[in-house]
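As a plain string of letters, each chain reads:
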Amino acid sequence: MEEKPVINLEKIPEHVAIIMDGNGRWAKEHGKARIFGHKHGVLSLRNVVEGAGEIGLKFLTLYAFSTENWNRPKVEVAALMQLLVNTISKEVSELNKNNVRLLTIGDIKSLPNNCERELEKAIEKTKNNTGLTLVLALSYSSKWEIIEAVKSIAKKVENNEVSINDIDEKLMDENLQTALIPDPELLIRTSGEHRISNYLLWQIAYSELYFTNKLWPDFSKEDLVEAIVDYQQRERRFGLTSEQLKK
Ligand code: IPE
Ligand code: IPE
Ligand code: MG
């Protein structure tokens, strides 16, 4: 029997991004309201963050709420925001204990005031942690982020701080919300959907994609390891030939 590959701890990606999807379907399968799925999703999130720290990942970016998600029923949006506030305030000490630094990307100003405040507090309290950086994408959409970057570059051109010829990939990188974060080597989406849903479009230009049918509340740190093992079997060619890479 062929042996199953195990994780190579020397080749852990620096950054994994996840689209945490399937909470609603998970709740439905259990005959419960959607928010029940979101609550269980928080348990997965905790477990996966713990696992990411254990294997030495530097960045984990989680899609928690998209710009498009604002169009969900008001009660669901309100419940999600409440869950966010409760989770952040409850988990800060755990994040500190595990040396995790919290960051956010997205239009944080569009969140309810108490969410924004709770996030700011948590970011401040964890800012000196040197282990995993947990990035929560909240009220995030990639097209929005790209437009904001273009606006800020245009302003610099207008103020003669940058000339049009200076606009390159690096300048775009620096003007995105992910400026200080390396591009993810691996993007995971749960729940069997095969789409990107306006997530990190610029940053995943060369990421490896991994799709699993598991619904997010069923996803655990063991599944994260499985995805990374899968990633480690792949040959990332960046336009070159396989032969070139072996030289
Ligand atoms: C992902 O689960 C969580 C959020 C988008 C906030 P969903 O709520 O999208 O779950 P499904 O896709 O309806 O199962
Ligand atoms: C993407 O999930 C957003 C998050 C996981 C927060 P959705 O469930 O909102 O995505 P679509 O709309 O089905 O593509
Ligand atoms: Mg969904």
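Thresholds, definitions, all that
- Residues numbered from 1 in each chain as written.
- Chains lettered and ligands numbered in written order.
- Predicted model: local features only at pLDDT ≥ 70, side-chain atom pairs only at ≥ 80, totals over all residues.
- Heavy atoms only, no water.
- Near = heavy atom within 4 Å.
- Polar contact = N/O pair within 3.5 Å; in protein donor to acceptor, adjacent residues only side chain to side chain.
- Helix = DSSP H or I, 4+ residues; strand = E, 2+ residues; numbered from the N terminus.
- Nonpolar A, V, L, I, M, F, W, Y, C, P; charged D, E, K, R; others polar.
- Expected span 1.5 Å × (residues − 1).
- Buried < 20%, exposed > 50% of the residue type's maximum accessible area, 1.4 Å probe, protein only.
- Arc of directions from axis to C-beta.
- Contact = heavy atoms within 4.5 Å.
- Core = buried A, V, L, I, M, F, W, Y, C linked by side-chain atoms within 4.5 Å.
- Salt bridge = Lys/Arg side-chain N within 4 Å of Asp/Glu carboxyl O.
- Phe/Tyr/Trp six-rings, centres within 6.5 Å; stacked < 30°, edge-to-face > 60°.
- Lys NZ or Arg CZ within 6 Å of the ring centre and 35° of its normal.

**Some points on the site of ligand 2**
Near ligand 2 the following residues occur: Ile 19, Met 20, Asp 21, Tyr 63, Ala 64, Phe 65, Ser 66, Asn 69, Arg 72, Arg 189, Arg 195 and Ser 197. Within the side chain of Asn 69, an N or O atom sits 2.9 Å from an oxygen atom of ligand 2. For the shell around ligand 2, the element with the most residues is strand E2 (residues 59–66), which contributes 4 residues. Residues of the shell around ligand 2, tallied by class, amount to 5 nonpolar, 3 polar and 4 charged.

**Some details on helix H5 (residues 142–158)**
The end-to-end C-alpha distance of H5, which contains 17 residues, comes to 24 Å, matching closely the 24 Å that a straight helix rising 1.5 Å per residue would cover. Buried within H5 are the following residues: Ser 142, Glu 145, Ala 149 and Ile 153. All buried residues of H5 fall inside an arc of 70 degrees around its axis, so they share one side. Every exposed residue of H5 that faces more than 90 degrees away from the buried side is listed here: Lys 143, Lys 151, Lys 155 and Glu 158. Elements that come into contact with the buried residues of H5 comprise strand E4 (133–140) and helix H6 (169–175). Of the residues trailing H5, Asn 160 is marked for its positive phi of about 60 degrees.

**A closer look at the nonpolar core**
Considering soluble globular proteins, one finds that nonpolar side chains tend to be buried as a cluster. Counting residues in hydrophobic clusters, the biggest one holds 41 residues, and the most contacted among them are Val 16, Ile 18, Leu 60, Leu 62, Leu 134, Ile 188 and Leu 224. Of all the secondary structure elements, the ones that give two or more residues to this core are strand E1 (15–19), helix H2 (34–55), E2, helix H3 (74–97), helix H4 (113–125), E4, strand E5 (186–189) and helix H7 (221–232). With 8 residues, H3 is the single largest residue contributor to this core. Residues contacting Leu 62, with those up to four places away along its chain left out, are Ile 18, Met 20, Leu 45, Val 49, Leu 134, Val 135, Leu 136, Ala 137 and Tyr 199.

**Brief notes about the pattern of salt bridges**
Throughout the structure, instances matching the rule amount to 21 salt bridges. Residue Glu 54 pairs with Lys 221 through a salt bridge whose shortest N-O separation is 3.0 Å. With Glu 54 in helix H2 and Lys 221 in helix H7, this pair connects stretches of sequence that are 167 residues apart. Residue Lys 221 is classed as buried on the basis of its relative accessible area of 15%. Across the pair Lys 151 and Glu 148 runs a salt bridge, and its minimum N-O distance is 3.3 Å. Separated by 3 residues within a single helix, Lys 151 and Glu 148 lie in helix H5, roughly one turn from each other.

**Thoughts on the side chain of Gln 203**
The residue Gln 203 is located in the loop between E5 and strand E6 (208–211) in this model. Engagement of the side chain of Gln 203 in a polar contact is seen with the side chain of Thr 178, the distance being 2.8 Å. Setting aside residues up to four positions removed in sequence, Gln 203 forms contacts with Tyr 140, Glu 145, Leu 176, Thr 178, Asp 183 and Pro 184.

**Some details on unusual backbone geometry**
Of note, Asn 160 is a non-glycine position whose phi angle comes to about 60 degrees, a positive value. Its location among the elements puts Asn 160 in the loop between H5 and H6. In the Ramachandran plot, Asn 198 falls in the positive-phi region, its phi being about 65 degrees despite a non-glycine side chain. Note on placement: Asn 198 falls in the loop between E5 and E6.

**Things to note about the environment of Phe 211**
Locating Phe 211 in the fold gives a position in strand E6. The sequence separation of Phe 211 and Lys 97 amounts to 114 residues, and the corresponding C-alpha distance is 31 Å. For Phe 211, the residues in contact, after removing those within four places along its chain, are Arg 189, Glu 193, His 194 and Arg 195.

**A look at the packing of aromatic side chains**
Overall, the coordinates contain 7 aromatic pairs when judged by the stated rule. Judged by centre distance (4.1 Å) and plane angle (5 degrees), the ring pair of Tyr 63 and Tyr 199 falls under stacked. Highlighted residues: Tyr 63 in strand E2 and Tyr 199 in the loop between E5 and E6, separated in sequence by 136 residues. Accessibility classification places Tyr 63 together with Tyr 199 in one group, the buried group. Between Trp 216 and Phe 219, the ring centres sit 5.3 Å apart and the planes meet at 20 degrees, which makes this aromatic pair stacked. In terms of burial, Trp 216 and Phe 219 fall into one category: buried. Grouping aromatic residues by their ring pairs yields a cluster made of Tyr 63, Tyr 140 and Tyr 199. The ring of Phe 36 carries the charged tip of Lys 32 above its face, separated from the ring centre by 4.6 Å.

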